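# Working through the structure, step by step
Next come the chains, spelled out residue by residue.
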Amino acid sequence: MNAPVESIATYNFAYLDEQTKRMIRRAILKAIAIPGYQVPFASREMPMPYGWGTGGVQVTASIIGPDDVLKVIDQGADDTTNAVSIRAFFQKVANVAVTTQTPKATIIQTRHRIPEHPLAEGQTLVYQVPIPEPLRFLEPRETETRLMHALEEYGLMHVKLYEDIATNGHIATTYAYPVKVKGRYVMDPSPTPKFDNPKMHMSPALQLFGAGREKRIYAVPPYTDVISLDFEDHPFEVQAFDKPCALCGAENVYLDEVVLDDRGGRMFVCSDTDFCERRREAGHGGEMGAPVEGEIG
Amino acid sequence: MSITEDDIPLLRVSSLSKSYGARVGCQDVSFELWPGEVLAVVGESGSGKTTLLNCLSTRLMPTSGTVSYRMRDGDWRDLYRMSEAERRFLMRTDWGFVHQNPADGLRMTVSAGANVGERLMAVGDRHYGRIRETATDWLGRVEIAEDRVDDEPRAFSGGMRQRLQIARNLVTAPRLVFMDEPTGGLDVSVQARLLDLLRGLVTDLGLAAIVVTHDLAVARLLSHRIMVMKEGHVVEAGLTDRVLDDPHAPYTQLLVSSILQV
């Protein structure tokens with residue numbers, strides 16, 4: 001991994017060969033043309049295990065150009081293993097600029113979060129998807145789920161939500177919460193917390209989803225309706241948090257619980273680390289963190 | 001007297017045949033089924049009963065012949081010329097299919113309430129409270145205690161599962177129900193109870209039904225008319241009591257005389 005850059009000079013730009021990128025781009029175009037529809041593609045072996053984001057990496061590799069600025073997040077954080085290694089991978093094989101700041105990035109590859117900073121036109125969000133089929137755990141047959149999508153038979157999705165209410169008294173699905181895209185296809189928004197579902201609706205950014213092991217690509221074009229499924233008497237709602245972020249004092253953001261000791265001490269902090277750091281630089285503070293001078297990351 | 005809805009058949013089957021290569025599944029079957037009528041198809045195993053049922057319910061494509069169905073709006077439709085989407089919609093609204101093994105017709109990993117409610121949600125009901133109320137009501141009608149509404153069918157006995165499957169099929173008030181050996185695999189006392197329940201529901205709801213069975217007692221209790229099949233052909237058809245009390249075809253005579261007397 002730490003070999004000098006010259007030794008990989010024989011690799012094509014962004015690792016994949018041009019024919020493969022062409023194939024993936026065609027799948028992406030088809031996916032954008034039919035919002036929410038899962039397009040099969042010939043997923044390649046990548047130099048990382050399945051489950052580490054091979055789908056997202058292939059999508060990013062196919063769309064990235066020398067002028068792009070890449071940000072990679074893992075559960076909202078820029079500094080965890082998955083994010084660091086994918087970022088290093090593209091620095092090495094594409095020699096592109098990288099950033100942790102959401103507004104500066106042109107491509108953001110994400111594992112399970114949408115950044116708190118609102119996305120803008122021209123940005124592309126690439127999701128790493130483990131299981132693209134929202135009906136999978138209810139209907140194990142691929143032939144049957146494809147037919148259900150084709151015929152728009154989505155009653156089964158509500159059976160799952162019904163079960164949630166019957167068991168827990170409310171819709172207890174908190175991540176991978178099913179959505180209907182442009183009034184047609186029901187889609188799994190990858191295991192993002194349902195907190196992020198409203199951000200997908202009418203987003204100015206292009207959203208691409210890559211599932212490497214399952215060999216599927218799907219997409220939500222900019223400014224597309226993304227509606228979370230629910231019942232009339234149990235409407236969709238996002239998680240609410242009792243306290244603001246302990247470090248930056250932000251409210252209405254998604255928080256992670258951090259265990260501090262073995263005596264029950266814990267704190268809740270922004271899951272989006274970059275968002276939290278920028279706020280502290282801007283002079284905000286929480287109950288366990290003071291504002292900071294200068295740049296942190 | 002004017003012609004009412006009930007004087008027009010619901011289903012018209014003409015020269016229906018299904019062969020599996022050189023082997024005959026069923027051959028040249030024709031009949032009509034009227035609203036509210038229960039037709040039993042009897043015969044030994046391998047006689048083509050299930051092939052016939054699967055062809056009628058569009059689960060299998062026949063080799064030749066037609067089946068037309070009178071839709072709720074009065075239109076006659078050829079079942080095999082309908083689009084797959086229309087057929088599937090028909091199957092989960094106006095029709096029911098009761099499998100011999102309840103596990104084939106139920107979702108074993110979701111609760112009884114969701115099993116009954118699935119058809120309602122499939123046709124667009126999006127109100128949890130109403131769905132649950134309807135499901136609970138239907139559990140009561142098939143004699144399953146209301147407090148079992150959140151239990152999975154895995155926790156149910158065979159007889160309860162079969163009754164749950166029936167409730168799941170009847171919740172959209174279908175006009176035609178197909179049943180494949182509905183009492184197979186149940187012990188006699190549970191069978192008796194299920195038959196009693198089925199007979200009540202069929203009468204109350206004015207259901208038309210096609211029941212495939214090898215058990216002549218089931219046919220006697222449930223059906224108005226009976227069709228006896230052997231090697232893919234219909235050898236005798238008529239009113240149930242007439243066929244069972246005064247069988248004409250030699251094969252029917254054999255079948256009736258082989259009932260064990262206790």
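Look up: the structure comes first, before these words.
Let me sum up the structure you'll find in this document.

Now for the interface of chain B and chain A. If you look at the interface, chain B gives 22 residues, while chain A gives 20 residues. Summed over both sides, the interface of chain B with chain A buries roughly 1800 Å², with 58% coming from carbon and sulfur. A per-residue breakdown of the area chain B buries against chain A is headed by B:Arg88, B:Arg126 and B:Tyr128, which together make up 40% of the total. At the boundary of chain B with chain A, the tally comes to five salt bridges.

Here the focus is the sheet that holds strand β1 (residues 11–20) of chain B. Residue and element names in this part refer to chain B. Spatially, four strands are ordered β2-β1-β4-β5 in an open sheet, and the strand pairing comes out antiparallel. Edge positions in the sheet fall to β2 (23–33) and β5 (76–78), since each of these pairs with one other strand and no more. In this sheet, adjacent strand axes meet at a mean angle of 20° when their direction is disregarded. The sheet contact formed by strand β4 (residues 64–70) and β5 spans three bridges and is antiparallel. Looking at the pairing, Ser68 lines up with Asp78 of β5. In this fold helix α1 (residues 49–56) packs onto β1, β2 and β4, with an angle of close to 125° to the strand it touches most, β1.

Residues and elements named next belong to chain B. By the alternation rule, side chains of strand β6 (residues 95–98) split into Trp95 and Phe97 and Gly96 and Val98, which are all buried. Here β6 runs beside strand β7 (residues 176–180); their pairing, made up of four bridges, is parallel. Bridge pairing in β7 places Val98 opposite Met179.

Residue and element names in this part refer to chain B. A cluster of acidic side chains, namely Glu133, Asp137, Glu146 and Asp147, defines a negative patch on the protein surface. Along the chain, Asp137 falls in helix α5 (residues 128–141). A relative accessible area of 42% means that Asp137 is categorised as partly exposed.

With that out of the way, let us pick up the packing of aromatic side chains. What characterises a pair of aromatic rings is the spacing of the ring centres plus the angle enclosed by the ring planes. All chains considered together, the criterion is met by 15 aromatic pairs over all chains. Here A:Tyr127 and A:Phe209 contribute two aromatic rings whose centre-to-centre distance is 4.1 Å and whose plane-to-plane angle is 10°, an arrangement assigned as stacked. Here A:Tyr127, found in strand β5 (residues 124–128), pairs with A:Phe209, found in strand β8 (residues 206–211); they are 82 residues apart in sequence, far enough to count as distant. For A:Tyr127, a relative accessible area of 0% translates into the label buried. Judged by relative accessible area, A:Phe209 falls into the buried class, the value being 0%. Grouped by ring-pair contacts, the aromatic residues A:Tyr11, A:Tyr15, A:Phe89 and A:Phe90 constitute a single cluster. Across the ring face of A:Tyr185, the terminal group of A:Arg184 is positioned such that the distance to the ring centre comes to 4.2 Å. A cation over an aromatic ring shows up here: B:Arg12 above the ring of B:Trp76, its NZ or CZ 4.4 Å from the ring centre.

About the thresholds
Sequence order as written defines the numbering, with residues in each chain counted from 1. Ligands are numbered from 1 and chains lettered from A, in the order in which they are written. In keeping with the model being predicted, local features are shown solely for residues with a pLDDT of at least 70 and side-chain atom pairs are shown and tallied solely at 80 or more, while totals for entire chains, interfaces and linings include all residues. Excluding hydrogens and water, the side-chain figures rest on all heavy atoms present in the structure. Contacts between residues were defined by any pair of non-hydrogen atoms, one from each residue, lying within 4.5 Å. Accessible surface is computed with a 1.4 Å probe, and the buried area is the amount of it that two parts give up when combined, taken over both parts together. By salt bridge we mean one thing: a side-chain nitrogen of Lys or Arg within 4 Å of a carboxyl oxygen of Asp or Glu. By the convention used here, strands pair only if DSSP detects at least 2 bridges between them. Labels follow the DSSP assignment, with helices taken as runs of H or I lasting at least four residues and strands as runs of E lasting at least two, numbered in each case from the N terminus. All axes are obtained by fitting lines to C-alpha atoms, using only the stretch in contact for helices, and the reported angles, taken between N-to-C directions, cover 0 to 180 degrees. Using a 1.4 Å probe on the protein chains alone, a residue whose accessible area is under 20% of its type maximum counts as buried, one over 50% counts as exposed, and one in between counts as partly exposed. Think of a patch as exposed residues, more than 30% relative accessible area, with no salt bridge, where like charges cluster within 9 Å and nonpolar side chains (Val, Leu, Ile, Met, Phe, Trp, Tyr) cluster within 5 Å. Exposure was quantified through the Shrake-Rupley algorithm and a 1.4 Å probe, taking into account, for residues, occlusion by the shown protein chains and nothing else. Charge assignment: positive for Lys and Arg, negative for Asp and Glu; neither His nor the chain ends contribute. For charged residues, the charge sits on one atom: NZ in Lys, CZ in Arg, CG in Asp, CD in Glu. Note on aromatic pairs: the rings of Phe, Tyr and Trp (six-membered ring only in Trp) are paired at centre separations within 6.5 Å, and the planes decide the class, stacked below 30 degrees, edge-to-face beyond 60, tilted for the rest. A ring is considered to have a charge above it if a Lys NZ or an Arg CZ atom is located within 6 Å of its centre and within 35 degrees of its normal.

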